[in-house]
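# Coordinates in review
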Amino acid sequence: MVQTGLHHVTAFSGPALRNLDFHTRVLGLRLVKKTVNFDDPGTYHLYYGDAVGRPGTILTFFPIEHAAPGRVGIGETQETAFRVPRASIGWWTHRFIEKGVAHEPLVQVFGAPTLRLRDPDGMMLALVGVDVGDAEGWASSEVPAEHAIRGLHGVTLLLDRAEPTAAILTEVLGLQEVGREGSLIRFAGSAELGGLVTLRAVGGFLPGRPGAGSVHHIAFRAADDAAQAAMGQALAARGLHVTEQRDRQYFRSVYFREPGGVLFEIATDAPGFAVDEPIEALGQALKLPAGLEPHRAEIEAVLPKVA
């Protein structure tokens, strides 16, 4: 069965070490790849996910040591949500209190308990309690497997109007509308992890400003190159500009800006994060694509030290 939904979410952050500490220690995610921004190799690109880095579990960051804070606004991702076991929401609430993590009171969103929080750069995240069956998550040093984040739940996009973006989600990217709640319109793909995109139309709000804590782009899944090309052709037929394919080592990507202004990527499921290091060693070594390997010494010299 073809899996439709999110492949990953990519954001900007402040200092790399602070970002790594929060997402691996506080949230308990696994660092599945430590590499660099291929377009700016003096900057890390850190990938967090589940035990094996499956599509639909991945949150990535470009950490910039002295980045100015971003501002969420029209044409941006307002919230990135993760799935946790429904029975674990109380455990996470107590954890955030103990760790001093800024969070909001528990609310129900589309019938699911939702705990909103902010990371150290102010990025809006949420943990959503769902039924996960017997599947266990990645056991970190501080988060037991039974309470662990399972993967992405979905994203909420802040838009002037919902209809043009909704058409791209349903007619090109394989999602379908599944519900409405207040100003929210929810769309679902077939993937269990990262299957949800929620649109929030707010009219003439301020535009977003990129910076630490803001999302750079969201990526949708394509089974392979052929599926990706078909989506690209469908977008071009609607008058949208789609980039050439770019090899990101762990997937192949094309990019376009959807009508609401959000930068979308379409990423292939293959080859995955184990293409250049074994699963048991994911995230331990700095990995560079072949074209940057001759420059390893100078790249490592400018990158801040992280574990």
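Owing to the predicted nature of the structure, the values given are computational and were not obtained by experimental measurement.

This part takes up the overall build of the protein. When its secondary structure is counted, the protein shows five helices and 16 strands. For 307 residues, the compact-globule estimate of 2.2 N^0.38 gives 19 Å, and the protein sits close to it at 18 Å. Seen along its three principal axes, the alpha-carbon backbone of the protein occupies a region of about 50 × 45 × 40 Å. Residues counted as buried form 54% of the 307 residues belonging to the protein.

What follows covers helix H2 (residues 89–99). Owing to its 3.6 residues per turn, the α-helix aligns residues three or four sequence positions apart on the same side. Of the residues making up H2, those classed as buried are Ile89, Trp92, Arg95 and Phe96. The buried side chains of H2 occupy one side of the element, clustering within an arc of 120° when seen end-on. Structural note: H2 exposes His94, Ile97 and Glu98 on the side pointing more than 90 degrees away from its buried face. On its buried face, H2 sits against helix H1 (16–26), strand S5 (76–85), strand S7 (112–118) and strand S8 (124–130). In the segment just after H2, Gly100 is the residue with positive phi, at about 70°.

Here we come to the UniProt feature "domain: VOC" (unreviewed entry) in the protein. UniProt tags residues 5–130 and 151–269 as "domain: VOC" (unreviewed entry). Annotated as 17% helix and 47% strand, the span residues 5–130 places its first and last C-alpha atoms 17 Å apart.

If you trace the eight strands from one edge of the open sheet to the other, you get S2-S3-S4-S1-S13-S16-S15-S14, paired in mixed fashion. Of all strands in the sheet, those bounded by a partner on one side alone are strand S2 (30–37) and strand S14 (246–247). Contacts from H1 reach strand S1 (6–13), S2, strand S3 (40–49) and strand S4 (58–63), with the element oriented near 10° to S3. Set on the sheet, helix H4 (residues 225–237) makes contact with strand S13 (215–222), strand S15 (252–257) and strand S16 (263–268); between it and S16 the angle comes to about 150°.

Before going further, it helps to examine the packing of aromatic side chains. Taken as a whole, this structure holds 10 aromatic pairs when the rule is applied. Plain terms: the ring middles of Trp92 and Phe96 are 5.7 Å apart, the flat faces sit at 45° to each other, and that makes the pair tilted. Of this pair, Trp92 and Phe96 both sit in helix H2, four residues apart, roughly one helical turn. When its relative accessible area of 0% is taken as the criterion, Trp92 is described as buried. Among the aromatic residues, those joined into a ring-pair cluster are Tyr47, Tyr250, Phe251 and Phe273.

With that settled, consider H4. Relative to the 18 Å expected for 13 residues at 1.5 Å per residue, H4 spans 18 Å between its end C-alpha atoms, a close match to the ideal helical length. Taken together, the buried positions of H4 are occupied by Gln228, Met231, Gly232 and Leu235. One face of H4 carries all of its buried residues, which in axial projection span an arc of 100°. Residues of H4 that are exposed and point more than 90 degrees away from the buried face comprise Ala226, Gln233 and Ala237. Here the buried face of H4 lies against helix H3 (163–171), S13, S15 and S16. Between a side-chain oxygen at the N-terminus of H4 and the backbone nitrogen of Ala226 the separation is 3.3 Å; the capping residue is Asp224.

Under the counting rule described, the total for this entry stands at 18 salt bridges. Between Lys33 and Glu277 there is a salt bridge whose closest N-O contact spans 2.7 Å. Here Glu277 lies in the loop between S16 and helix H5 (296–302) and Lys33 lies in strand S2, a separation of 244 residues in the sequence. Grouping residues by exposure puts Lys33 and Glu277 together as buried. Asp269 serves as the salt-bridge partner of Arg221, at 2.8 Å between the closest nitrogen and oxygen. Of this pair, Arg221 sits in strand S13 while Asp269 is found in the loop between S16 and H5, placing the two residues 48 residues apart along the sequence. Overlapping salt bridges, with partners in common, bring together Asp21, Arg25, Arg95, Lys99 and Glu142 in one network.

With that out of the way, let us pick up the sheet that holds strand S6 (residues 107–109). One open sheet holds the eight strands; their spatial order is S6-S7-S8-S5-S9-S12-S11-S10, and the pairing between them is mixed. If you trace the sheet from one side to the other, it starts and ends with S6 and strand S10 (176–181), each paired once. Ignoring strand direction, the axes of neighbouring strands in this sheet form an average angle of 30°. Here H3 sits on the sheet and contacts strand S9 (151–159), S10, strand S11 (184–188) and strand S12 (196–201); the angle it forms with S12, its principal contact strand, is near 165°.

Moving on: the side chain of His23. When you line up the elements, His23 lands in helix H1. By relative accessible area, which is 0% here, His23 ends up buried. Residues in contact with His23, not counting those within four places in the same chain, are Gly28, Leu29, Tyr48, Leu59, Phe61, Asp119 and Leu125.

A cluster of nonpolar side chains, Val202, Phe205 and Leu206, forms an exposed patch at the surface whose accessible area comes to about 270 Å². Position of Phe205 among the secondary structure elements: in the loop between S12 and S13.

Cut-offs and rules
Residues numbered from 1 in each chain as written. Predicted model: local features only at pLDDT ≥ 70, side-chain atom pairs only at ≥ 80, totals over all residues. Heavy atoms only, no water. Helix = DSSP H or I, 4+ residues; strand = E, 2+ residues; numbered from the N terminus. Rg over C-alpha atoms; globule rule 2.2 N^0.38 Å. Buried < 20%, exposed > 50% of the residue type's maximum accessible area, 1.4 Å probe, protein only. Arc of directions from axis to C-beta. Contact = heavy atoms within 4.5 Å. UniProt positions renumbered as here; feature names shortened; annotations may be inferred. Pairing = 2+ DSSP bridges. Axes fitted to C-alpha atoms, helices over the stretch in contact; angles between N-to-C directions. Phe/Tyr/Trp six-rings, centres within 6.5 Å; stacked < 30°, edge-to-face > 60°. Expected span 1.5 Å × (residues − 1). Polar contact = N/O pair within 3.5 Å; in protein donor to acceptor, adjacent residues only side chain to side chain. Salt bridge = Lys/Arg side-chain N within 4 Å of Asp/Glu carboxyl O. Patch = residues over 30% accessible without salt bridge, like charges linked within 9 Å, V, L, I, M, F, W, Y side chains within 5 Å. Areas by Shrake-Rupley, 256 points an atom, 1.4 Å probe, with all protein chains shown as cover.

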